[in-house]
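Structure at a glance
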Amino acid sequence: KRTAPLYHYANFTLITELVHTNVTSVQTENNSFSNNSGRYVHGCYNKGTIGTVQLLLNKSTLKTLGCKKRSPQVVIFGARKSGTGTLRDFLSFHPQLAVADSEIHYLEYLSRTKAGSTFYATKFRYGGRGNSIRIRGGEAYRDKFQPMKSLKTYTSLMPYSTPQQLVVEKTPKYFVCKNCPILLHKMIPDCKLIAILRDPVERAISGYAGFLQTHRTIKRLSPSLGMEETFEKTVIHDNGLVKRESPFIDIGIYKAHIKRWMSVFPKAQILLLDGGEFVKKPESILRQVEKFLGIKAFFTSETFEYNKTKGFYCLKRPIKSCMGKRKGRKHPYVSPKVIKKLQQFYEPHNKEFSKFVNQKFSWTVYT
Ligand SMILES: Nc1ncnc2c1ncn2[C@@H]1O[C@H](COP(=O)(O)OS(=O)(=O)O)[C@@H](OP(=O)(O)O)[C@H]1O
């Protein structure tokens with residue numbers, strides 16, 4: 001028995017060979033098959049624990065299931081460090097969803113090309129809003145963004161899906177990307193959008209912890225992020241003021257970013273989830289997603305079990321699986337004084353945001 005290499009959508013690793021395995025499958029009502037090897041068939045893939053997925057190995061099954069690449073119908077666009085990875089990975093077990101298993105970043109890439117940027121400039125300049133927006137390239141390139149061509153590339157980065165499935169991708173960097181909403185709207189105007197948002201103070205600390213681990217040594221800390229050897233120095237000026245301009249702080253001023261998405265997409269197409277609630281009760285958040293997407297109820301409290309060692313809920317069904325080491329990292333020590341200062345900084349922003357979207361979050365309720 002030969003197995004195909006793991007398939008990473010965003011790395012463009014192509015499976016050139018479809019080989020046959022002797023999976024003995026039983027079709028279930030959800031168009032999934034199960035076998036007793038701990039893997040099972042989900043849409044066009046043979047799925048195992050979180051993060052391990054292989055394209056179905058039998059060509060005729062792929063054909064019968066109507067597997068092909070389709071453009072995304074759902075984009076999880078942020079916010080970084082709020083539970084986006086866990087949300088994506090849990091959702092990837094829903095039979096009616098085909099979820100890209102790594103971040104795609106295509107819109108963000110597109111927004112940095114002249115053609116993408118210029119479309120944005122064109123739209124806003126000629127739409128009467130734009131003198132405040134200066135984008136390199138300008139009018140000379142205004143016709144170069146070709147939505148159909150870009151959509152084709154975007155689609156090519158998606159996982160295979162069956163006609164019964166919705167295609168989902170998550171790239172949290174889209175949240176802060178200025179051009180992404182308009183570029184996505186031009187390509188897929190009816191796309192549904194999901195953002196999960198966490199207490200911005202915790203989010204900032206988590207972001208710092210993540211970068212600290214990625215860059216390993218203080219010497220290699222990312223200068224473009226203004227990273228210093230402590231979290232405190234990274235987000236607070238010597239004069240005691242919070243560094244509003246620090247990316248760690250800026251992401252958490254949610255209204256500023258959501259406003260941009262809401263100025264392009266109708267509110268009914270955007271679902272905002274509470275990251276604080278997601279940690280405590282994943283099934284209630286996943287049910288909100290199911291309702292929003294109009295798909296069957298699949299997640300129940302039976303789907304998850306609390307893992308004391310991880311300090312998080314893990315998947316119990318259809319397969320036992322926890323998020324990897326990159327989620328739930330140890331945070332650096334941050335003094336209560338600094339936390340208080342950041343909470344005071346965010347309080348008016350959180351209130352304003354909650355009012356703007358007409359929604360309460362666990363972290364926007366103040367006593
Ligand atoms: N069930 C479960 N298991 C593990 N981790 C969970 C879970 N639910 C939410 N979270 C929280 O997800 C946080 C990481 O957020 P993201 O996945 O958005 O990070 S990233 O932007 O993709 O790097 C991660 O943040 P840190 O704890 O700061 O690492 C977790 O708090």
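Read on for an overview of the structure. (Residues numbered from 1 in each chain as written. Predicted model: local features only at pLDDT ≥ 70, side-chain atom pairs only at ≥ 80, totals over all residues. Heavy atoms only, no water.)

1. Considering the site of the ligand
- In the neighbourhood of the ligand, 21 residues make up the surrounding shell, with Thr84, Gly85, Ser206, Lys327 and His331 lying closest.
- In this structure, an oxygen atom belonging to the ligand sits 2.8 Å away from a side-chain N or O atom of Lys81.
- Across the complex, the protein chains shield 94% of the 640 Å² of accessible surface that the ligand would expose by itself.
- Of all the elements in the fold, those that place two or more residues in the shell around the ligand are α2 (84-91), α11 (275-280) and β14 (312-315).
- No other element matches α2, which puts 4 residues into the shell around the ligand.
- Taken together, the residues of the shell around the ligand sort by class into 6 nonpolar, 8 polar and 7 charged. (Near = heavy atom within 4 Å. Polar contact = N/O pair within 3.5 Å; in protein donor to acceptor, adjacent residues only side chain to side chain. Areas by Shrake-Rupley, 256 points an atom, 1.4 Å probe, with all protein chains shown as cover. Helix = DSSP H or I, 4+ residues; strand = E, 2+ residues; numbered from the N terminus. Nonpolar A, V, L, I, M, F, W, Y, C, P; charged D, E, K, R; others polar.)

2. Comments concerning helix α13 (residues 336-357)
- The terminal C-alpha atoms of α13, which comprises 22 residues, lie 30 Å apart, in line with the 32 Å expected from a rise of 1.5 Å per residue.
- If you look at α13, its biggest bend is around 35°, right at Tyr346, and the proline Pro348 turns up within four residues after that.
- Residues of α13 that are buried: Val338, Leu342, Phe345, Tyr346, Asn350, Phe353, Ser354 and Val357.
- As for α13, its buried residues are in contact with β11 (192-197), α7 (200-215), α8 (231-235), α9 (247-250), α10 (254-262) and β12 (270-274).
- After α13 finishes, the residue Asn358 shows a positive phi value of roughly 55°. (Expected span 1.5 Å × (residues − 1). Bend = angle between axes of the 7 residues up to and from the residue. Buried < 20%, exposed > 50% of the residue type's maximum accessible area, 1.4 Å probe, protein only. Contact = heavy atoms within 4.5 Å.)

3. A word on the sheet that holds β11
- Pairing is parallel in the open sheet, where 5 strands are placed in the order β8-β10-β7-β11-β12. Looking at which strands have only one partner, the edges of the open sheet turn out to be β8 (97-99) and β12. For this sheet the average axis-to-axis angle between neighbouring strands, irrespective of direction, equals 25°.
- Note: β8 against strand β10 (residues 166-170), 3 bridges, orientation parallel. Each residue of the ladder has a partner; that of Ala98, found in β10, is Val167. (Pairing = 2+ DSSP bridges. Axes fitted to C-alpha atoms, helices over the stretch in contact; angles between N-to-C directions.)

4. A short note on the nonpolar core
- Counting residues in hydrophobic clusters, the biggest one holds 40 residues, and the most contacted among them are Phe77, Tyr154, Tyr174, Leu184 and Leu272.
- Those elements giving two or more residues to this core turn out to be β7 (74-78), α3 (106-112), α5 (147-156), α6 (180-187), β11, α10, β12 and α13.
- Looking at this core element by element, the count peaks at 5 residues for α6.
- Contacts of Tyr174, omitting those with residues within four sequence positions, involve Val75, Phe77, Ile104, His105, Tyr106, Leu107, Glu108, Tyr154, Glu169, Cys180 and Trp261.
- One finds Tyr40, Val74, Ile194 and Met323 within the second-largest nonpolar core, a separate group that totals 27 residues. (Core = buried A, V, L, I, M, F, W, Y, C linked by side-chain atoms within 4.5 Å.)

5. Observations regarding the packing of aromatic side chains
- This structure, assessed with the given rule, holds 20 aromatic pairs.
- Between Phe345 and Tyr346, the ring centres sit 5.1 Å apart and the planes meet at 75°, which makes this aromatic pair edge-to-face.
- A residue is classified by how much of its surface remains accessible, and Phe345, at 18% relative accessible area, is buried.
- Given the relative accessible area of 1%, Tyr346 is considered buried.
- Here a set of aromatic residues connected by ring pairs shows up, and it is made of Phe77, Phe175, Tyr254, Trp261, Phe265, Phe353, Phe361 and Trp363. (Phe/Tyr/Trp six-rings, centres within 6.5 Å; stacked < 30°, edge-to-face > 60°.)

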